[in-house]
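Coordinate inspection notes
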Amino acid sequence: MALKVELDTLTGAVKILESNIIYDCGKSVNPAVDIGQIEGAFVQGIGFFLTEEIEVDDKGELLTTGTWTYKPPTIDNVPQKFVVEMFNAAAHTNRILSHRKHVENLRCFWLGLSTRQ
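Residues numbered from 1 in each chain as written. Predicted model: local features only at pLDDT ≥ 70, side-chain atom pairs only at ≥ 80, totals over all residues. Heavy atoms only, no water.

**Looking at the environment of Lys-4**
Here is the rule we go by: Strands are runs of DSSP state E lasting at least two residues, helices are runs of H or I lasting at least four, and both sets are numbered from the N terminus onward. Note on definitions: a residue-residue contact is assigned when non-hydrogen atoms from the two residues lie within 4.5 Å.
By the element assignment, Lys-4 lies in strand β1 (residues 2-7). Residues Lys-4 and Glu-18 lie 14 residues apart in sequence; the distance between their C-alpha atoms is 4.9 Å. Dropping the residues within four chain positions of it, Lys-4 is found in contact with Lys-15, Ile-16, Leu-17 and Glu-18.

**Points about the side chain of Ser-19**
Summarising the element assignment, Ser-19 is placed in strand β2 (residues 14-24). If near-sequence neighbours (up to four positions away) are discounted, Ser-19 is found in contact with Met-1, Ala-2, Leu-3, Phe-42, Pro-79, Lys-81, Phe-82 and Val-83.

**Points about the pairing of β1**
We apply this condition: Two strands form a pair only when DSSP identifies at least two bridges running between them.
Of the strand pairs in this sheet, β1 and β2 are connected by 6 bridges, and their pairing is antiparallel. Bridged to Ala-2 within β2 is Asn-20. Counting the residues that bridge the hairpin from β1 to β2 gives 6 residues, and of these Gly-12 lies at a positive phi of roughly 85°.

**Examining the sheet that holds strand β3 (residues 81-87)**
This is how the line gets drawn: In this analysis, axes come from line fits to C-alpha atoms, helices being fitted only over the stretch in contact, and the angle between any two N-to-C directions falls in the range 0 to 180 degrees.
One open sheet holds the 3 strands; their spatial order is β1-β2-β3, and the pairing between them is mixed. What marks the edges here is a single partner per strand, and that holds for β1 and β3. For this sheet the average axis-to-axis angle between neighbouring strands, irrespective of direction, equals 10°. The strands that helix α1 (residues 31-51) touches are β1, β2 and β3; relative to β3, the one it contacts most, it runs at about 130°.

This is the structure in structure tokens:
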């Protein structure tokens with residue numbers, strides 16, 4: 001994965017200009033669905049690290065209960081250039097149709113790339 005970002009050093013605002021993702025999905029059962037899952041996981045990661053701020057009180061009750069206080073990612077957070085390519089690996093006999101799951105892998109990948117303090 002490669003990202004090109006723009007960082008406003010005065011406000012701390014981050015804008016992702018370009019994202020190139022190459023993902024090893026095994027043998028794709030339905031490429032359109034798989035690409036949608038990969039893109040969705042990526043945008044979910046953007047939201048988790050850049051826009052969402054979940055707040056709880058001392059009792060553990062959620063304080064950010066609506067979009068007035070909780071900011072999920074929007075179309076403005078999606079990279080202007082968003083390229084997803086799938087690398088189809090060799091067949092694996094231990095998987096259903098040699099397929100891999102996507103969303104959980106990309107969430108973990110985002111956790112590893114996080115630069116949030």
